[in-house]
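Structural characterization, general
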Amino acid sequence: MSNTFSDSSQIGIVSTFSELIHTDFKGEMNALCWYRNLDGDFNEIVAHLSLKENITEVYTEDLIALQLSENGNRAREIILNDLQLLTDFGASPSLNLLKCYERDDEFDFISTDVYSFHVDRSPIATDTFLCTYHGAASDIIANSQAEQKILIPEIRAKLKELHDGPKEEFENFLTENYFDLHYQVHKDVEPINLGLGHLWRLAVDHPKQQVLPCIHRAPIENEGEYRLLLIC
């Protein structure tokens, strides 16, 4: 198999949905990829959909209502099948048409939006699933290639200035404001782009997790192009 993913110890490659959900994360591996070359015209679907906000959820009935060519219909069937597979598994998938996410520019020394490398956290055992069908795709990096921003002395010092409560509540302050979820990438690190059409499962920070959570970020969107993203 020729892809950039197979060289990374962080990524496990599978060839079926069943393998994707039943393969355990272990060691450095905290990302699983159902590697696919999808057939179908996903651009046609995007062209037929209407963006109501910067992020517009696309429902099954919206997809079914579209008048599409044969290639467009093939793409639609793939998306509907992915939604059904994840729903049957017990997940709550969402299909989003994206112009952009909201930016966090409140502080110039730390960002907490999804364009910043971050991990997901959950109080229950779960994983993040995502697939980009059209537009720019997300990036991941290995945990050894980044440092938690709250551990960087100059950032930590500024966060302490920001916190106006007792010292013993500082760690709670970091968690409650999601500062602890964000990471600074080491110099000269090349992120791994998740590409189009592959369905990914990423490790999340939760009490039963056996591996480190997967560090990832949303991409800067291509000019004039919407993203079509399945996520849960």
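Coordinates for the structure precede this section.
This section reports on the structure supplied with the text. (Residues numbered from 1 in each chain as written. Predicted model: local features only at pLDDT ≥ 70, side-chain atom pairs only at ≥ 80, totals over all residues. Heavy atoms only, no water.)

Describing the sheet that holds strand β12 (residues 227–231)
Taken together, seven strands build an open sheet; the order of strands is β1-β2-β10-β5-β12-β4-β3 and the sheet is mixed. If you trace the sheet from one side to the other, it starts and ends with β1 (11–14) and β3 (55–58), each paired once. The mean inter-strand angle of the sheet, taken between neighbouring strand axes irrespective of direction, is 25°. Relative to β12, strand β5 (residues 127–134) is paired through four bridges, and the arrangement is antiparallel. When the sheet's bridge partners are listed, L130 is paired in β12 with I231. Lying on the sheet, helix α4 (residues 70–89) is in contact with β2 (31–34), β4 (94–98), β5 and β12; it crosses β5 at an angle near 175°. (Pairing = 2+ DSSP bridges. Helix = DSSP H or I, 4+ residues; strand = E, 2+ residues; numbered from the N terminus. Axes fitted to C-alpha atoms, helices over the stretch in contact; angles between N-to-C directions. Contact = heavy atoms within 4.5 Å.)

Things to note about the sheet that holds strand β9 (residues 192–193)
If you trace the three strands from one edge of the open sheet to the other, you get β9-β6-β11, paired in antiparallel fashion. Strands with a single pairing partner mark the edges of an open sheet, and in this sheet they are β9 and β11 (215–217). Here strand β6 (residues 139–141) pairs with β9 via two bridges, running antiparallel. Counted as the bridge partner of D139 is N193 from β9.

Points about the pairing of strand β10 (residues 199–203)
Taking burial as the measure, the five residues of β10 include five buried ones, the bulk of the element. Residues of β10 alternate between two faces, with L199, R201 and A203 on one and W200 and L202 on the opposite face, all of them buried. The sheet contact formed by β2 and β10 spans four bridges and is antiparallel. If you follow A31 over to β10, its bridge partner there is L202. The pairing of β5 with β10 spans four bridges and is antiparallel. Counterpart to T128 in the pairing with β10 is L202. (Buried < 20%, exposed > 50% of the residue type's maximum accessible area, 1.4 Å probe, protein only.)

Considering the packing of aromatic side chains
Applying the stated rule across the entire model yields nine aromatic pairs. Considering the side-chain rings of F89 and F129, the 5.8 Å spacing of their centres and the 75° angle between planes classify their relative orientation as edge-to-face. You can see F89 sitting in helix α4 and its partner F129 sitting in strand β5, a full 40 residues away along the chain. When its relative accessible area of 40% is taken as the criterion, F89 is described as partly exposed. Here F129 falls in the buried class, since its relative accessible area comes to 3%. Taken together, the aromatic side chains of F107, F109, F170, F173 and F179 make up a single cluster linked through ring pairs. Sitting over the face of the ring of Y115, R103 holds its NZ or CZ atom 4.0 Å from the ring centroid. (Phe/Tyr/Trp six-rings, centres within 6.5 Å; stacked < 30°, edge-to-face > 60°. Lys NZ or Arg CZ within 6 Å of the ring centre and 35° of its normal.)

What about α4?
With 20 residues, α4 ought to run about 28 Å at 1.5 Å a step, and its terminal C-alpha atoms sit 29 Å apart, in line with that. Restricting attention to buried positions, one finds in α4 the residues G72, A75, R76, I78, I79, L80, D82, L83 and L86. (Expected span 1.5 Å × (residues − 1).)

Structural notes on unusual backbone geometry
For Y178, which is not a glycine, the phi torsion comes out positive at approximately 65°. Structurally, Y178 is set in the loop between α6 (170–176) and β8 (183–185). For D188, which is not glycine, the phi dihedral falls at a positive 65°.

As for the pattern of salt bridges
Evaluated as defined, the whole model comprises nine salt bridges. A salt bridge links R36 to D82, with the nearest nitrogen and oxygen atoms 2.9 Å apart. Of the two residues, R36 is situated in the loop between β2 and α2 (42–48) and D82 in helix α4; the sequence distance between them amounts to 46 residues. Comparing R36 with D82 shows no difference in burial state: the two are buried. Salt-bridge contacts for D205 lead to R121; the nearest nitrogen and oxygen are separated by 3.7 Å. Residue D205 is found in the loop between β10 and β11, and its partner R121 is found in the loop between β4 and β5; the two are separated by 84 residues along the sequence. In this structure D205 comes out as partly exposed when scored by relative accessible area, which is 28%. (Salt bridge = Lys/Arg side-chain N within 4 Å of Asp/Glu carboxyl O.)

What about the side chain of S94?
Mapped onto the elements of the fold, S94 is located in strand β4. Residue classification places S94 among the buried positions, given a relative accessible area of 15%. Only 3.3 Å separates the side chain of S94 from the side chain of E57, close enough to count as a polar contact. Those residues in contact with S94 that sit more than four places away from it in its chain are E57, L229, L230 and I231. (Polar contact = N/O pair within 3.5 Å; in protein donor to acceptor, adjacent residues only side chain to side chain.)

Without other data, these values stay purely geometric and don't point to any function.
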